[in-house]
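So you can see what is in the structure, the chains are spelled out below.
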Amino acid sequence: MIRIEGVSKTFSGPGGPVEALRPVDLTILSGSFTSIIGPSGCGKSTLLRIVAGLETASTGRIANEGEQGRPGFVFQEPVLLPWLTARENVRFPLDTSGVPRAEGDRRTDELLAMIGLSSFAQALPRTLSGGMRQRVAIARALSYDPALLLMDEPFGALDLLTRDRLNDELMAIWTATRKTIVLVTHSVEEAAYLSDTVVVMSARPGAIKRIHTVDLERPRGERTKLDPRFHQLMADLRRDLA
């Protein structure tokens with residue numbers, strides 16, 4: 001599991017210190033899917049970056065118990081290398097980590113098949129749709145088989161239909177791999193649909209306002225979205241955000 005213990009963040013600003021995140025205590029169970037929602041600027045992305053080791057906490061610590069190695073991280077934008085093909089982008093972390101070529105080829109081909117882009121393996125990023133580029137970014141984050149996958153609003157810039165389709169693909173990936181996934185999102189529906197746990201944060205300086213356990217059976221699909229419990233959960237989340 002991951003224990004977030006008393007983690008806070010204060011930035012230096014031209015007018016003095018800016019408190020972005022008040023002390024946060026949170027336990028994330030291994031193999032679970034957790035979403036973090038909250039108003040813009042509440043520190044949810046900052047918290048994710050601290051968990052990833054991309055930001056330093058002002059106070060507190062992250063204790064990874066059983067989660068070994070560096071986490072995978074998917075940014076808001078795909079951030080693909082434009083001169084590399086989809087396949088080369090996916091295997092890039094393996095090449096830079098010294099993974100044997102045969103093993104890298106096998107892993108890359110498996111991931112391209114998992115995200116449904118085997119036939120686009122030789123395509124450059126500029127020729128792919130936004131949804132395809134984000135799928136490549138997800139596969140790249142999974143390439144070295146991290147135990148923990150952190151995702152910072154990866155579908156926020158996509159149209160609703162593409163976002164819904166990628167939500168189902170992300171759920172399929174989680175079901176197949178049972179990675180520990182932490183997703184930052186602005187979408188109440190996305191959080192309710194995907195998660196085991198939804199963490200609601202308050203406005204800046206961010207703090208945990210409420211934690212919801214999602215009582216919806218898996219596997220989930222279109223029938224889930226017709227379930228009265230799903231709609232009640234979304235109503236509760238919206239109330240917490242008000």
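About the thresholds
- Residues numbered from 1 in each chain as written.
- Predicted model: local features only at pLDDT ≥ 70, side-chain atom pairs only at ≥ 80, totals over all residues.
- Heavy atoms only, no water.
- Helix = DSSP H or I, 4+ residues; strand = E, 2+ residues; numbered from the N terminus.
- Expected span 1.5 Å × (residues − 1).
- Buried < 20%, exposed > 50% of the residue type's maximum accessible area, 1.4 Å probe, protein only.
- Arc of directions from axis to C-beta.
- Contact = heavy atoms within 4.5 Å.
- Pairing = 2+ DSSP bridges.
- Axes fitted to C-alpha atoms, helices over the stretch in contact; angles between N-to-C directions.
- Lys, Arg positive; Asp, Glu negative; His and termini not counted.
- Salt bridge = Lys/Arg side-chain N within 4 Å of Asp/Glu carboxyl O.
- Polar contact = N/O pair within 3.5 Å; in protein donor to acceptor, adjacent residues only side chain to side chain.
- Parallel < 35°, antiparallel > 145°, perpendicular 65-115°, else oblique.
- Left-handed = near helix turned anticlockwise from the far one by under 90°.
- Nonpolar A, V, L, I, M, F, W, Y, C, P; charged D, E, K, R; others polar.

## Side note on helix H3 (residues 101–114)
The end-to-end C-alpha distance of H3 is 20 Å, a good match for the 20 Å that 14 residues give at a rise of 1.5 Å each. Every buried residue of H3 is listed here: Gly104, Arg107, Thr108, Leu111 and Leu112. In an axial view of H3, the angular spread of the buried residues amounts to 130°, which keeps them on one side of the axis. Lining the buried residues of H3 we find helix H2 (86–96) and helix H4 (130–142).

## Here we look at the sheet that holds strand S1 (residues 2–13)
As summarised here, the arrangement of the three strands in space is S2-S1-S4, forming an open sheet in which the pairing is antiparallel. Unpaired on one side and paired on the other, strand S2 (16–28) and strand S4 (59–64) mark the two borders of the sheet. Here the strands of the sheet are splayed against their neighbours by 25° on average, with no regard to which way each runs. Judged from the five bridges that link them, S1 and S4 form a sheet pairing that is antiparallel. Paired with Ile4 across the bridge in S4 is Ile62. Where helix H1 (residues 44–52) meets the sheet, it contacts S1, S2 and S4, and its direction lies at approximately 115° from that of S1.

## Some words on the pairing of strand S8 (residues 197–201)
A large share of S8 lies buried, amounting to four of its five residues. With four bridges joining them, strand S3 (residues 33–37) and S8 adopt parallel strand pairing. Along S8, the bridge assignment pairs Thr34 with Thr197. Summarising the sheet, S8 and strand S9 (residues 208–213) pair through five bridges and their orientation is antiparallel. Paired with Met201 across the two strands is Ile208, which belongs to S9.

## Regarding the side chain of Lys44
Position of Lys44 relative to the elements: it lies in helix H1. There is no salt bridge for the buried Lys44, and the closest opposite charge comes from Glu153, which lies 4.7 Å off by N-O distance. Of note is the side chain of Lys44, whose polar atom sits 3.2 Å from the backbone oxygen of Pro39.

## Section: the packing of H2 against H3
Where H2 contacts H3, the axes come no closer than 9 Å and their chain directions differ by 130°. Looking at the two axes, H2 sits oblique to H3. Crossing geometry of H2 relative to H3 is assigned as right-handed. Only Arg101, Gly104, Asp105, Arg107, Thr108, Asp109, Leu111 and Leu112 of H3 make contact with H2, whose side of the interface consists of Arg87, Val90, Arg91 and Leu94. Its residues placed into classes, the contact of H2 with H3 shows four nonpolar, two polar and six charged.

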